[in-house]
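# Observations on chain architecture
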Amino acid sequence: MSVPPSASSIGRSRRITAAVATVVILSVPMAVLFGLLWGARTADYKSNSAERRGARYLMPVTQLISTLTGQQSATVRGRSVDTAAVRRDIAGVDAIDKQIGVQLSMSDRWAKLRQSVLTVTGRSFADPGDAYTAYSELLDKAIALVREVGDTSQLILDPQLDTYYVMNAAMLRIPDVIVDGGRYSDLAYLVVQRKQTGQVAQIAQLDTARLDVTESSTDLAEGLEKAFDATRSETLGPAMLRELDNYRTAVDALAPRTAALRPSSLQLDPTVIGNAQEDLQRTALDLDKAALGQLDLLLGKRISAAERELAAATVALLLGVGLVVAGVVWLPARRRRAAVPPAVPPPPRPAGRHGERRAADSVDARELVASSGLALPPRRGGTRAAR
């Protein structure tokens, strides 16, 4: 035979159910807000981390592009290839690819480019034109790898003005300027060496390379000025202004805007152009290192900010849930204490040495007799007034 639950157990069960329901109702909105904030900050953290990996991958790749441009000029002019420099830069890309190449989906692409670099730099060219063509195709592949790094890391999609224009300089413009400057210098050498054969076509290529240098340099400088105006970083401008000034001076020396290239009246000095190209290549690489270093710092600050916001959101959620649970437990207990009536103190007993006990016995006896229906006899001797 089952025993029915008592009223106190039923009340306690209802209170527990109400407390749980209250915790759930109050916690759901907090959990939803926390989920939205957590998702947004996590997305920022992941995207900035991927961009930072892309910026770090670009550093050794741009160095390799600069070295290959120099090897192109050396080969076109009949000099030997600096194989030690090439292998050093290949090792630099190998090292960064081992760290983050899989995360950026670059390992297979780099393996193909790596083999092409070893193949081209290991060849001997009897015709300078063939050397120029082979190295130009190789450098096109290297530039394509740079673009792929920007796509897979989403560095090309950065939403902030300062980091976007620094990325534009480091990833899109500087590698192009290095390659186009090398082509301009080498084509000038080939035009002078080949005055009779294929001159018109090479002059057109020469003019295109020169225009590419000036246009890319103009876009680079204007973008960096916008980045300096938009940034809150205290290091971006100071770290890049001197490098930018040196770069502009080298560009003006190699391809001044006022110069006019005319196929009918070319006055080219390959030695002067070659020296100017070496200065441009050096200053462009210095500017690229400064830009990528600042880009790494800016993205690192964003990652740290996202980590702090995630930690703060977690602490806020835990505190909110703790306060809700504490409130649900504390308020019902307070109400129950308020509902209990205060205890009534007993009536005072008569004073005297033996009066307390006699009064109690007399009251108890008279109440007992009265409840039995018997009449009490009169007191012996009567009252003091009757006497």
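Residues numbered from 1 in each chain as written. Predicted model: local features only at pLDDT ≥ 70, side-chain atom pairs only at ≥ 80, totals over all residues. Heavy atoms only, no water.

With that settled, the discussion passes to the pattern of salt bridges. This model, assessed by the stated rule, comprises twelve salt bridges. Taking the shortest distance from any N to any O, the salt bridge between Arg114 and Asp94 comes out at 3.1 Å. One end of the pair, Arg114, is in helix α3 (residues 107–121); the other, Asp94, is in helix α2 (residues 83–100), with 20 residues separating them in the sequence. Here the salt bridges share partners, and the residues they tie into one network are Arg52, Arg56 and Asp296. (Salt bridge = Lys/Arg side-chain N within 4 Å of Asp/Glu carboxyl O. Helix = DSSP H or I, 4+ residues; strand = E, 2+ residues; numbered from the N terminus.)

In this section: the packing of helix α4 (residues 128–152) against helix α5 (residues 161–193). Put simply, α4 and α5 touch, their axes get as near as 10 Å, and they point 175° apart. Comparing the axis directions of α4 and α5 gives the class roughly antiparallel. Residues Pro128, Gly129, Tyr132, Ser136, Leu139, Asp140, Ile143, Val146, Arg147 and Gly150 of α4 form the contact with α5, whose own contacting residues are Met171, Leu172, Pro175, Asp176, Val179, Arg183, Asp186, Leu187 and Leu190. Tallied by class, the residues present in the contact of α4 with α5 amount to eleven nonpolar, three polar and five charged. (Axes fitted to C-alpha atoms, helices over the stretch in contact; angles between N-to-C directions. Parallel < 35°, antiparallel > 145°, perpendicular 65-115°, else oblique. Contact = heavy atoms within 4.5 Å. Nonpolar A, V, L, I, M, F, W, Y, C, P; charged D, E, K, R; others polar.)

A few words on the nonpolar core. The tendency in soluble globular proteins is for nonpolar side chains to be buried side by side. With 74 residues, the main nonpolar core has Tyr57, Leu224 and Tyr247 as its most contacted residues. Broken down by element, the residue count for this core peaks at 16 residues, all from α5. With sequence-adjacent residues up to four places away left out, Tyr57 is seen in contact with Val93, Ile96, Asp97, Ile100, Gly101, Leu104, Met106, Trp110 and Val149. (Core = buried A, V, L, I, M, F, W, Y, C linked by side-chain atoms within 4.5 Å. Buried < 20%, exposed > 50% of the residue type's maximum accessible area, 1.4 Å probe, protein only.)

All right, on to the side chain of Arg183 then. Structurally, Arg183 is set in helix α5. Assessed through its relative accessible area of 15%, Arg183 is described here as buried. At 2.7 Å, the side chain of Arg183 forms a polar contact with the side chain of Asp140. Setting aside anything within four residues of it in sequence, one finds Arg183 in contact with Gln72, Tyr132, Ser136, Leu139, Asp140 and Ala209. (Polar contact = N/O pair within 3.5 Å; in protein donor to acceptor, adjacent residues only side chain to side chain.)

Moving on, we come to the environment of Ser216. Among the structural elements, Ser216 can be located in helix α6 (residues 199–230). A C-alpha to C-alpha distance of 9.0 Å links Ser216 and Ala169, two positions 47 residues apart in sequence. Residues within four places of Ser216 in sequence aside, it is in contact with Arg173, Asp176 and Val177.

Another point: the packing of aromatic side chains. Tallying each qualifying case throughout the model produces two aromatic pairs. Centre to centre, the rings of Phe125 and Tyr135 are 6.3 Å apart; their planes meet at 55°, and the pair counts as tilted. Pair noted here: Phe125 is in the loop between α3 and α4 and Tyr135 is in helix α4, with a separation of ten residues, a long-range link. An angle of 80° between the planes, with centres 5.2 Å apart, marks the rings of Tyr164 and Tyr165 as edge-to-face. (Phe/Tyr/Trp six-rings, centres within 6.5 Å; stacked < 30°, edge-to-face > 60°.)

A few words on unusual backbone geometry. With a phi close to 60°, Ser105 is a non-glycine residue in the positive phi region. Within the element layout of this structure, Ser105 appears in the loop between α2 and α3. In this model, Gln154 sits at a positive phi of 60°, which is unusual for a non-glycine residue. Tracing the backbone shows Gln154 in the loop between α4 and α5.

It is worth spelling out the side chain of Gln72 at this point. Examined against the element boundaries, Gln72 turns out to sit in helix α1 (residues 7–76). Those residues in contact with Gln72 that lie beyond four places of it in its chain are Tyr132, Tyr135, Ser136, Leu139, Gly182, Arg183 and Asp186.

Moving on, we get to α5. Look at α5: 46 Å from first C-alpha to last across 33 residues, which is about the 48 Å you get at 1.5 Å a residue. Remark: the principal bend of α5, roughly 40°, maps to Arg173, with a proline, Pro175, within the next four residues. Taken across its 33 residues, α5 has 28 buried, putting it largely inside the fold. (Expected span 1.5 Å × (residues − 1). Bend = angle between axes of the 7 residues up to and from the residue.)

Let us look at the packing of α3 against α4. Contact pair α3 / α4: the axes reach a minimum separation of 10 Å and the direction vectors enclose 160°. Taken together, the axes of α3 and α4 are roughly antiparallel relative to one another. By crossing handedness, the relation of α3 to α4 is classed as left-handed. When α3 is examined against α4, the residues Arg109, Trp110, Leu113, Ser116, Val117, Val120 and Thr121 are found in contact with a partner set consisting of Ala134, Tyr135, Leu138, Lys141, Ala142, Leu145, Glu148 and Thr152. For the contact of α3 with α4, the per-class residue count stands at nine nonpolar, three polar and three charged. (Left-handed = near helix turned anticlockwise from the far one by under 90°.)

Let us look at helix α7 (residues 236–254). It helps to recall that an α-helix has 3.6 residues per turn; residues three or four apart then point in one direction. Between its first and last C-alpha, α7 extends 27 Å over 19 residues, near the 27 Å set by a 1.5 Å rise per residue. All buried positions along α7 are accounted for by Leu236, Gly237, Met240, Leu244, Tyr247, Ala250, Val251 and Leu254.

This paragraph deals with the environment of Arg79. Of note, Arg79 is situated in the loop between α1 and α2. Other than its neighbours up to four places away in sequence, Arg79 contacts Ser73 and Ala74.

That is the geometry; function is a separate question.
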